[in-house]
Protein chains: 2
Amino acid sequence: MEALLSRLLDDKASDGEIARPAALLAAMRHGVLNGGKRLRPFLVLESAALFGHDGEPAMRVAAALECVHCYSLIHDDLPAMDDDDLRRGQPTVHRAFDEATAILAGDSLLTLAFDILSDVPPAAPREAATAAARQLELVRGLARAAGPGGMAGGQALDLQAEKAAPDEAGIITLQTMKTGALIRYACEAGAIVANASPADRERLSEFGAAIGLAFQLADDLLDVTATAEAMGKATRKDAAAGKATLVALHGTDWARRQLGGLVAQAQALLEPYGERAAVLSAAAAFIADREN
Amino acid sequence: MEALLSRLLDDKASDGEIARPAALLAAMRHGVLNGGKRLRPFLVLESAALFGHDGEPAMRVAAALECVHCYSLIHDDLPAMDDDDLRRGQPTVHRAFDEATAILAGDSLLTLAFDILSDVPPAAPREAATAAARQLELVRGLARAAGPGGMAGGQALDLQAEKAAPDEAGIITLQTMKTGALIRYACEAGAIVANASPADRERLSEFGAAIGLAFQLADDLLDVTATAEAMGKATRKDAAAGKATLVALHGTDWARRQLGGLVAQAQALLEPYGERAAVLSAAAAFIADREN
């Protein structure tokens, strides 16, 4: 995945492009090739593997999704948004470069994701129609997971939450959009690219939704309990900002119990796949227990 | 086009979305439904009409492209970029709302464009394979025209140009990417969606490239000669910023002659289509002679 991301972010212009400016590319690479955990690519690849697919198409879907995730971090870190100086222990893109370049690097990564997704190598002729239809579905799914009714919408709700604290339902909607939508898409996209049945796709989508909620809950817990050193970014920002989270609302004990329930729910969805789903099942547990 | 854009920017969540936050949608609508000239949609629709297509698919491609254009204006107007207060006589999005909302509204419009493009209604079964392949090509073409090797890359070159003035070749590359790529795509996309032959697609792409250059040259001329009132935005900004343009390099007389040459070149490309291309041909002339 690192090699593929690096190759997709090189200075070779694709057909239909002119030349990618060096400074812009450097900022894009800074925002992507930074030791990220690659959770979303991992989920795409493992979900695809569950249905016997481990080819280039899944790798490209995974890379496209990671570009979208990294774009969102770059924009989220901007002074007008969260105003963060550090990300994974390194200067954020607008600190390492400048604000304008960070905005454009984010825009470029988001755009590049759709280039990557729509450029999966052609399938065998007799499968071309269904392969193209699946690719379009992957494009549409990513656009909806990342757009105003998904991640970007969740960011907008997050801005509002700083002015008027949302209630419990509002917090869940915010988190489902802001971080949940891409994680859910990761799991569903793996099933789509592997040409899984509609029932299996739905099941993976639900699995993604459950671990998406678990991921955010674990994140909110870590903000309270972890050190900045372990996280590679500032912690206790939520409490300092008076931010409404489920942890702030119900406390850490409740959050840990809730987290256990979400993991159990996610793992139960994988039961029909037996041992084949062992890695995904372990991932669900890891997401809840992670230390950074 | 206005009705379609308004419908695409309503608060009805598509399948796969949650709810679009009201403030975000309002900012997106402010940035799109603002009396724009709709040049790019016009070019998509007229290029498609040249090959006998005037259906919903072309309308959607046109709307998607306009969303990308409007996102680029929203981000370009930001304080970290051009820092503009006015756009078409109205407050820019970050002035009417706030900076964070403007960043997210731009991000959302860019993402929505790919949702719109990948959601063209399905074709008749026996045409499904080629229709899906065409749609993917439209997605890929838009991503490349708008991404780091296209419009966003041009914006990055524009930032650099403020620090070190580019030479003539550098100015042309910058403009070909920053404004040319989307205009070229508009014309080529019309031919693609109308299922035109590869030769016709190439011809329309070259037509788009020529009028793209003409558009930017006319823009640079207007910056020198027009009033802020006629333009609905500040003028003489280029000269004030010491910006390198072909007009600054060669003067207004040269620019007017050059503009005439580009229009003639564009119109010559349309000759094989005779009277059917009358509207596109007039558009090429309009782009050079426009007063705002």
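Attention here is on the structure that accompanies the text. Small disclaimer: the values here were computed from a predicted structure and weren't measured.

Cut-offs applied
- Residues numbered from 1 in each chain as written.
- Chains lettered and ligands numbered in written order.
- Predicted model: local features only at pLDDT ≥ 70, side-chain atom pairs only at ≥ 80, totals over all residues.
- Heavy atoms only, no water.
- Least-squares fit on C-alpha atoms with pLDDT ≥ 70 in both.
- Contact = heavy atoms within 4.5 Å.
- Helix = DSSP H or I, 4+ residues; strand = E, 2+ residues; numbered from the N terminus.
- Salt bridge = Lys/Arg side-chain N within 4 Å of Asp/Glu carboxyl O.
- Buried < 20%, exposed > 50% of the residue type's maximum accessible area, 1.4 Å probe, protein only.
- Core = buried A, V, L, I, M, F, W, Y, C linked by side-chain atoms within 4.5 Å.
- Disulfide = S-S within 2.5 Å.
- Buried area = accessible area lost by both parts, 1.4 Å probe.
- Polar contact = N/O pair within 3.5 Å; in protein donor to acceptor, adjacent residues only side chain to side chain.
- Expected span 1.5 Å × (residues − 1).
- Phe/Tyr/Trp six-rings, centres within 6.5 Å; stacked < 30°, edge-to-face > 60°.
- Axes fitted to C-alpha atoms, helices over the stretch in contact; angles between N-to-C directions.
- Parallel < 35°, antiparallel > 145°, perpendicular 65-115°, else oblique.
- Left-handed = near helix turned anticlockwise from the far one by under 90°.
- Nonpolar A, V, L, I, M, F, W, Y, C, P; charged D, E, K, R; others polar.

Here we take up the relation of the copies chain B and chain A. Note on the copies: chain B fits chain A at an RMSD of 0.0 Å, the axial shift is 0.0 Å, and the rotation between them is 180 degrees. Read as a symmetry element, the transformation amounts to a two-fold axis. The C-alpha atom lying nearest the rotation axis in chain B is that of Ala129(B); the distance is 2.1 Å. Most of the interface of chain B is mirrored in chain A, where 100% of its interface residues again form contacts.

Okay, the side chain of Asp115(A) next. Within the secondary structure, Asp115(A) sits in helix H6 (residues 99-117). Those residues in contact with Asp115(A) that sit more than four places away from it in its chain are Ser14(A), Glu17(A), Arg140(B), Ala143(B) and Arg144(B).

In the structure shown here, the tally under the stated rule is 30 salt bridges over all chains. When the shortest N-O distance is used, the salt bridge between Asp219(A) and Arg290(A) registers 3.2 Å. Taken together, the residues span a long stretch of sequence, with Asp219(A) in helix H10 (residues 198-225) and Arg290(A) in the segment after helix H15 (278-289) at a distance of 71 residues. Accessibility expressed as a relative area gives 6% for Arg290(A), which makes it buried. The salt bridge partner of Glu2(B) is Arg38(B), with a shortest N-O separation of 2.5 Å. Of this pair, Glu2(B) sits in helix H1 (residues 2-8) while Arg38(B) sits in the loop between helix H2 (22-32) and helix H3 (39-50), and the two are 36 residues apart along the sequence. The exposure class assigned to Glu2(B) is partly exposed, which follows from its relative accessible area of 38%. The exposure class assigned to Arg38(B) is buried, which follows from its relative accessible area of 8%. Beyond isolated ion pairs, a larger network of salt bridges with shared partners links Glu56(A), Arg60(A), Asp115(A), Asp119(A), Arg140(B) and Arg144(B).

Note on soluble globular proteins: their nonpolar side chains tend to be buried together. Phe207(A) and Phe207(B) are the most contacted members of the largest nonpolar core, which totals 175 residues. Discounting residues that sit within four places of it in the chain, Phe207(B) has contacts with Cys187(B), Ala266(B), Leu269(B), Leu270(B), Leu280(B) and Ala284(B).

This paragraph deals with the state of the cysteines. Residue and element names in this part refer to chain A. Enumeration over the complete set of coordinates arrives at 0 disulfides over all chains. Here Cys-70 stays unpaired: no disulfide links it, and the sulfur of Cys-67, its closest cysteine neighbor, is 6.8 Å away. The exposure class assigned to Cys-70 is buried, which follows from its relative accessible area of 0%.

Attention now moves to the interface of chain B and chain A. Tallying the contact residues gives 54 residues for chain B and 54 residues for chain A. Together chain B and chain A conceal approximately 4500 Å² of surface at their shared face, both sides included; 71% is due to carbon and sulfur atoms. Of all residues in chain B, the largest losses of buried area upon contact with chain A belong to Leu136(B), Arg144(B) and Pro148(B), amounting jointly to 16% of the total for that side. Connecting chain B to chain A are 8 salt bridges. The tally of links between chain B and chain A comes to 12 residue pairs in polar contact (both at pLDDT 80 or more). Every element with two or more residues in the side of chain B that touches chain A is listed here: H2, helix H4 (56-76), helix H6 (99-117), helix H7 (128-146), helix H8 (151-163) and helix H9 (168-193) of chain B. Looking at which element gives the most residues to the side of chain B that touches chain A, the answer is H6(B), with 11 residues.

Residues and elements named next belong to chain B. Considering the arrangement of structural elements, one finds Ala-210 in helix H10 (residues 198-225). Here the alpha-carbon distance between Ala-210 and Asp-115, two residues 95 residues apart in the chain, equals 29 Å. Here Ala-210 is in contact with Leu-262, Gln-265 and Ala-266, once residues within four sequence places are set aside.

A separate point is helix H4 (residues 56-76) of chain A. Taking 1.5 Å per residue, 21 residues should reach 30 Å; H4(A) reaches 30 Å between its end C-alpha atoms and fits that length. In terms of residue burial, H4(A) counts as a mostly covered element, since 18 of its 21 residues are buried.

What follows covers the packing of aromatic side chains. All names here are of chain A. Summed over all chains, the structure comprises 3 aromatic pairs over all chains. Ring centres 5.6 Å apart and planes at 85 degrees place the aromatic pair Phe-51 and Tyr-273 in the edge-to-face group. Residue Phe-51 is located in the loop between helix H3 (39-50) and H4, and its partner Tyr-273 is located in the loop between helix H14 (252-269) and H15; the two are separated by 222 residues in the primary sequence. The class of Tyr-273 is buried, set by a relative accessible area of 7%.

If you want to describe how two helices pack, look at the angle between their axes and the distance between the axes. Residues and elements named next belong to chain A. At their nearest, the axes of H4 and H6 sit 8 Å apart, and the two run at 165 degrees to each other. The orientation of H4 relative to H6 falls into the category roughly antiparallel. H4 and H6 meet at a crossing whose hand is left-handed. Here Arg-60, Val-61, Ala-64, Cys-67, Val-68, Cys-70, Tyr-71, Ile-74 and His-75 of H4 lie close against H6, whose contacting residues are Ala-102, Ile-103, Gly-106, Asp-107, Leu-109, Leu-110, Ala-113, Ile-116 and Leu-117. Classifying every residue of the contact of H4 with H6 by side-chain character gives 14 nonpolar, 2 polar and 2 charged.

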